[in-house]
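# Residue-level structure breakdown
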Amino acid sequence: MDALTIALVGNPNCGKTALFNQLTGARQKVANYAGVTVERKEGFFNAPSGRKVQVLDLPGTYSLEAMGPDEIITRDICLGRRPGETMPDLIVCVADATNLRLHLRFVLEVKRLGRPMILALNMMDAAKKRGIRIDTAKLEAGLGVKVIETIAVKAEGTAALVAHLDANVAPHVPEVKETGDLHSDVRRILDASVVMPQRTSLIDDRLDGILLNPFLGIPILVAIMFVVFQAVFTWATPAMDFIEASMAWLGGVVTETLPDGLLKSFIADALIGGLGSVIVFLPQIIILFFFILILEESGYLPRAAFLLDKLMSKAGLTGRSFIPLLSSHACAIPGIMATRSIHDIRDRITTIMIAPLMTCSARIPVYTLLIAAFVPEQQVFGFISFRGLILFGMYIIGIVGGLSVSLVMSVFRRDKSEHPLIMELPSYRLPHARNLAIGLGERAMIFMRRITGIIFTVNTLLWVTTTFPGKPDGATGPAIDYSLAGMIGHAIAPIFAPIGFNWQICVALIPGLAAREVAVSALGTVYAVSGSDDAVASQLGSLISSQWSLATALSLMAWYVFAPQCLSTLAVIRRETNSWKMVGVTAGYLFALAYIFAFLTYQIVSRLS
């Protein structure tokens, strides 16, 4: 029996991906389509007869009109126009049985392609619970397309679809009749085949009355985001500590086992140390996407975007940018990865470019060091830490800076057309454990592939600059001072003098490109301070408070608000945008802002003091 290739298409929230997961299970792979950042999901299953069925999960879209990359890819693959992609033998159009008024329009649009297709009428269990009666025979006659009932979240809910695909029946090409008015066709078909007691679910209406309430909606959203935010930081801590300790142990084994030399340095510093500094964020990424998937599958995420759309639009964004920007406070890497939920490419690029401005956890060691060294420990109003207020202020500066950059980008962008937030508010549903597990597995694998690719390359190059040409015989200074990074640091010192940076800071900035928090240990190396991370920070605090001016410390804090001192983030931007130009533009404007604000901070504070 010949193999069969099918393509799943449908509106967002129709249960298409759940159907894909139910059919293929773990036999799937996720990548990007060539030349774009749209996700490509492919899997397969073997039918009872042994027939192999290849399944493509095409991007969810409300229309096949070429507005964005999702629509273009879905349309071109269905028509066999996408280079390197095989035209599917059969299109399986998935529609939500509880919302046919919206979804049937897309079904008719797919029918007009003139390709073999069937309709998978999904969520039939939910439709029956709501009292919606669908005469599938009349619906099939009205559409001119084979209709098969499915329940994607249940194993037996796909049996009829699998049986049809296994029957080796020649795919049917529906007859296309151009009427010009799809909405009229939808109304006619619904009137003849569907009886709906009410347009919306009573439970949905009651929940929306609370969650979308003008007075309660935003506070509830803030509370939910607070839980997510706390979970990303606190729940991930044990796993992050374990990974960090494991990497330290592994590095110690390598240090003790291998003889001194370049191989030992490369494995311990570049391979284990470099990749370990990024792998440590995997628990945060898994927890973050766990909540994102729950909010998405439950139907709340589109409502959160709706609630914040008006506020975000004032900065040139839509409500969909909120979750990625919030995520970036933990780490910009998962935040940038989360922008895949933004369908408008213009808004997605803007969100990616401002995500590094959100105050991530890697900035905390630098801020803590400088605040502890220069800000006295005292209470405001008797119970609020003054140092805590300063740290909170750094978060606010990052948020204001990011939204300001977005506003400026919206003024100067070429495309001045309005892209309003148009989305369906799906019915509330309980998330399905199988879909959550598969989704988390996909995100973890995507992250690990990024680590083993470009991030490893970047860390290797950084290791080369901090290792060669090596410390000459008889030299008394720290080894980094004689490396290429040290030479670069000394060379750029005159450039950074106007912002108050001495040569020690300039040298520390080079290895600090691996990750922002590395700058603290790099400063410890330059100042010949040794010991644990806490000991280094403690000794450094006393040292820099006596050798640096307040203006220099505040200037360095201003630098770290804006500077892209994280090559891993830039590497992920490259992977997500598929553009080195975007990496250059992002790094360029961030370094420019960092220098400008550090210069203003240093000059103003110097004159005031």
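About the cut-offs
Residues numbered from 1 in each chain as written. Predicted model: local features only at pLDDT ≥ 70, side-chain atom pairs only at ≥ 80, totals over all residues. Heavy atoms only, no water. Salt bridge = Lys/Arg side-chain N within 4 Å of Asp/Glu carboxyl O. Buried < 20%, exposed > 50% of the residue type's maximum accessible area, 1.4 Å probe, protein only. Helix = DSSP H or I, 4+ residues; strand = E, 2+ residues; numbered from the N terminus. Pairing = 2+ DSSP bridges. Right-handed = clockwise from strand over helix to strand, strands pointing away. Core = buried A, V, L, I, M, F, W, Y, C linked by side-chain atoms within 4.5 Å. Contact = heavy atoms within 4.5 Å. Patch = residues over 30% accessible without salt bridge, like charges linked within 9 Å, V, L, I, M, F, W, Y side chains within 5 Å. Areas by Shrake-Rupley, 256 points an atom, 1.4 Å probe, with all protein chains shown as cover. Phe/Tyr/Trp six-rings, centres within 6.5 Å; stacked < 30°, edge-to-face > 60°. Polar contact = N/O pair within 3.5 Å; in protein donor to acceptor, adjacent residues only side chain to side chain.

Turning next to the pattern of salt bridges. Side chains that carry opposite charge are capable of pairing whenever their charged atoms lie near each other. Counted according to the given criterion, the structure contains 8 salt bridges. Residue aspartate 76 is joined to arginine 75 by a salt bridge in which the shortest nitrogen-to-oxygen separation is 3.2 Å. A residue is classified by how much of its surface remains accessible, and aspartate 76, at 11% relative accessible area, is buried. Arginine 75 gets classed as partly exposed once you look at its relative accessible area, which sits at 21%. Among the ionic pairs, arginine 188 bridges to aspartate 185, the shortest N-O distance being 3.7 Å. Separated by 3 residues within a single helix, arginine 188 and aspartate 185 lie in helix H7 (residues 182-193), roughly one turn from each other.

The next subject is the pairing of strand E5 (residues 90-96). In terms of burial, E5 is largely enclosed, as 7 of its 7 residues are buried. Residues Leu90, Val92, Val94 and Asp96 point to one face of E5 and Ile91, Cys93 and Ala95 to the other, with burial holding for every one of them. Here 5 bridges tie strand E1 (residues 4-10) to E5, and the two strands are oriented parallel to one another. The residue bridging glycine 10 from the neighbouring strand is valine 94, located in E5. Two elements, E5 and strand E6 (residues 117-122), share 6 bridges in a ladder whose sense is parallel. The residue bridging alanine 95 from the neighbouring strand is leucine 121, located in E6. At this point the chain moves from E5, through helix H3 (residues 100-111), to the parallel E6, and the crossover so formed is right-handed.

The subject of this paragraph is the nonpolar core. With 93 residues, the main nonpolar core has Phe501 and Trp559 as its most contacted residues. Once you skip the residues sitting within four places of it in the chain, phenylalanine 501 turns out to touch Ala493, Phe496, Cys506, Leu509, Ser555, Leu556 and Trp559. One finds Val9, Ile73, Leu104 and Ala127 within the second-largest nonpolar core, a separate group that totals 35 residues.

The subject of this paragraph is a nonpolar patch on the surface. Judged by side-chain polarity, Ile596, Phe597, Phe599, Leu600, Ile604 and Leu608 come together as a nonpolar surface patch covering roughly 580 Å² of accessible area. Here leucine 600 shows up in helix H26 (residues 580-608). Among the residues examined, leucine 600 registers a relative accessible area of 41% and is labelled partly exposed.

Once that is clear, we can look at the packing of aromatic side chains. The full count for this structure, using the stated rule, is 8 aromatic pairs. Pairing phenylalanine 496 with tyrosine 595 gives two aromatic rings, centres 6.1 Å apart and planes at 65°, and the pair type is edge-to-face. Remark: tyrosine 595 occurs in helix H26 and phenylalanine 496 occurs in helix H20 (residues 484-496); sequence separation between them is 99 residues. Overall, phenylalanine 496 belongs to the buried group, its relative accessible area being 11%. Aromatic pair phenylalanine 562 and phenylalanine 597: ring centres 4.7 Å apart, planes at 20°, arrangement stacked.

Moving on, we get to the side chain of serine 328. Of note, serine 328 is situated in the loop between helix H14 (322-327) and helix H15 (332-337). On the accessibility criterion, serine 328 (0% relative accessible area) is buried. Polar contacts involving the side chain of serine 328 include one to the main-chain carbonyl oxygen of proline 324, which spans 2.9 Å. Sequence-distant contacts of serine 328, defined by excluding residues within four places in its chain, comprise Gly335, Ile336, Ala355, Met358 and Cys360.

Keep in mind that these numbers describe shape and distance, not what the molecule does.
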